[in-house]
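One letter stands for each residue in the lines below.
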Amino acid sequence: MNYIVSQPNGHERTGKSKHFCRDSEATVDEAQLMEEKRSLTRTTHNRRHLTVSEVELESASMEIILPICAIVLVVLFVVAALSAKVRNTVISSRTYKKAFAVHMNLFSRIHNRAVQKRKEEMFNHMKMALKGVQGDILEIGAGTGANFEFLPEGCSVIALEPNPHMETYLVENAKRFPHVQLKEIVCGYAENMEGIADNSVEAVLCTLTLCSVTDMEAVLSEIKRVLKPGGYFYFLEHVADNPETWRHSFQRTFDDQWKYLSDGCSCCRETSTYLENAGFSSVCYQKFYVNELMLIAYLMLPHIAGYAVK
Ligand SMILES: C[S@@+](CC[C@H](N)C(=O)[O-])C[C@H]1O[C@@H](n2cnc3c(N)ncnc32)[C@H](O)[C@@H]1O
């Protein structure tokens, strides 16, 4: 007996049956072939549906996923390819500095809220240490005046800040916190504070600034020079994570790109090592993670806060 079977590709398969079935007069092969035909027909229908959705899926991925991947790759490539020279030109431009001042005015409020307890601890120590002392506190990298609210009642502050666009915010914040006297704003870098005399200030303060300085050893040596003997240097800084962590690898990998976002700041600086080797009579600090910043600044969660004594 001859048989014809439709194939999924639309062609038909023909052949001859061989064996007879005892009770139904139909051949075994015929019965099998009928079933095969039915199942092939079903498969053919299913495959037609599947094929349509597969094609749709494929074209969707071509249209959305590939361009996104291409854009991400191009951006990463361009950013990575930019040299330190180009980066320095960008971040020292007037427009960038102006924009960074606006950014810091906002970000320092978020950061202050996230580290409120740590700052209170640090400034309580300062209040005790400076109780009854008449003299100046020098803040290096004072930014927009984010620390004014925490400073001791009636203290006199010299704000050293290289970005001239911070000045408006510094003055505004000094007005908001009248318990602080903003004695002077010095436009300059902490690596060379020649305008500030040796042994002249009661305390030096910096927050989120040691990550940005270009010569850490020079800055620490200048801090020791201007501090009165026995004076305190207070710091609260974001630092490199422990070497065996994923974050440490990311910090090292993306340090150059990070500098674009944060005015040349390094997210993997071993600040505590510099402090310990700077020749202070003692250094006391705690390391902690500011998890509140997880969503906006994963690379800067590890912090240290404490003081060093001249
Ligand atoms: C991330 S901001 C922190 C500002 C502020 N201290 C705060 O906690 O919000 C870093 C500041 O350090 C300043 N800065 C960068 N390099 C500096 C340097 N070499 N000497 C002194 N200040 C510097 C920047 O202009 C900027 O205002």
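Reading guide: rules and limits
Residues numbered from 1 in each chain as written. Predicted model: local features only at pLDDT ≥ 70, side-chain atom pairs only at ≥ 80, totals over all residues. Helix = DSSP H or I, 4+ residues; strand = E, 2+ residues; numbered from the N terminus. Buried ≥ 20, exposed ≤ 12 C-beta atoms within 10 Å, placed from the backbone. Contact = placed C-beta atoms within 7 Å. Pairing = 2+ DSSP bridges. Axes fitted to C-alpha atoms, helices over the stretch in contact; angles between N-to-C directions. Arc of directions from axis to C-beta. Expected span 1.5 Å × (residues − 1). Bend = angle between axes of the 7 residues up to and from the residue. pLDDT = per-residue confidence, 0-100. Core = buried A, V, L, I, M, F, W, Y, C linked by C-beta atoms within 7 Å. Near = placed C-beta within 6 Å. Nonpolar A, V, L, I, M, F, W, Y, C, P; charged D, E, K, R; others polar.

Draft legend 1. Spotlight on the overall build of the protein. When helices and strands are tallied, the protein shows ten helices and nine strands. Among the 310 residues that make up the protein, the fraction classed as buried is 29%. A fraction of 68% describes how many contacts in the protein between residues 6 or more apart in sequence connect residues 24 or more apart.

Draft legend 2. Quick look at the sheet that holds strand 4 (residues 156–160). Spatial ordering of the open sheet is given by 5-4-3-6-7-9-8, a layout of seven strands whose pairing is mixed. Two strands close off the open sheet at either side, each with one partner strand: strand 5 (181–186) and strand 8 (282–289). When strand polarity is set aside, the average angle formed by the axes of neighbouring strands in this sheet is 15 degrees. Relative to strand 7 (residues 227–238), strand 6 (residues 201–207) runs parallel, the two sharing six bridges. Among the inter-strand pairings, T207 is bridged to a residue of strand 7, identified as L236. In this fold helix 5 (residues 116–129) packs onto strand 6, strand 7, strand 8 and strand 9 (302–309), with an angle of close to 175 degrees to the strand it touches most, strand 7. Of the strands in this sheet, strand 3 (136–140), strand 6 and strand 7 touch helix 7 (residues 216–226), which is tilted by about 145 degrees from strand 7.

Draft legend 3. View of helix 6 (residues 167–176). What helix 6 keeps buried is the set Y169, L170 and N173. Each buried residue of helix 6 sits inside an arc of 100 degrees when the element is viewed along its axis, so together they form one side. Exposed and oriented more than 90 degrees from the buried face of helix 6 are T168, E172 and K175.

Draft legend 4. Up close: the environment of V290. With respect to the helices, strands and loops of the structure, V290 is situated in the loop between strand 8 and strand 9. Using a count of 16 C-beta atoms within 10 Å as the deciding quantity, one classes V290 as partly exposed. Measuring from C-alpha to C-alpha, the distance between V290 and H303 comes to 7.1 Å, with 13 residues separating the pair along the chain. Once residues lying within four places of it in the same chain are set aside, the contact partners of V290 are A114, V115, L301 and H303.

Draft legend 5. Representation of helix 4 (residues 94–114). A rise of 1.5 Å per residue sets the reference length of helix 4, with its 21 residues, at 30 Å; its end C-alpha atoms lie 30 Å apart and thus fit the reference within 8%. At M104, helix 4 shows its maximal kink, close to 25 degrees. Along helix 4, the positions that sit buried rather than exposed are F100, A101, M104 and H111. Against helix 6 lie the buried residues of helix 4.

Draft legend 6. Expanded view of the confidence of the model for the protein. When pLDDT is averaged along the protein, the result is 85; 77% of the residues meet or exceed 70. Counted against residues more than four places away or in other chains, residues 1–10, with its pLDDT under 50, gives 30 contacts. Per-residue pLDDT stays below 50 along residues 12–28; that stretch engages in 28 contacts with residues further than four places along the chain or on separate chains.

Draft legend 7. Representation of the nonpolar core within the structure. By size, the foremost hydrophobic cluster in this structure holds 48 residues, and its most contacted members are L138, V204, F233 and Y234. Ranked by residues supplied to this core, first place goes to strand 7 with six residues. Not counting chain neighbours up to four residues away, the residues in contact with L138 comprise I158, L160, I196, V201, V204 and V226.

Draft legend 8. Representation of the site of the ligand in the model. Near the ligand lie 23 residues; those nearest to it are S108, G141, G143, A146 and A190. The residue makeup of the shell around the ligand, split by class, is twelve nonpolar, eight polar and three charged.

Draft legend 9. Structural context of the environment of D136. Turning to its location among the elements, D136 is positioned in strand 3. Measuring from C-alpha to C-alpha, the distance between D136 and I158 comes to 6.8 Å, with 22 residues separating the pair along the chain. With residues up to four places along the chain from it excluded, the contact list for D136 reads S156, I158, K183, V201 and E202.

Draft legend 10. A look at unusual backbone geometry. Backbone geometry places N199, a non-glycine residue, at a positive phi of 45 degrees. On the secondary structure map, N199 appears in the loop between strand 5 and strand 6.

Draft legend 11. Local environment of the pairing of strand 6. Counting buried residues along strand 6, seven of its seven residues qualify, which places the element largely inside the surrounding structure. Two elements, strand 3 and strand 6, share three bridges in a ladder whose sense is parallel. Opposite L138, over in strand 6, you have V204 as the bridge partner.

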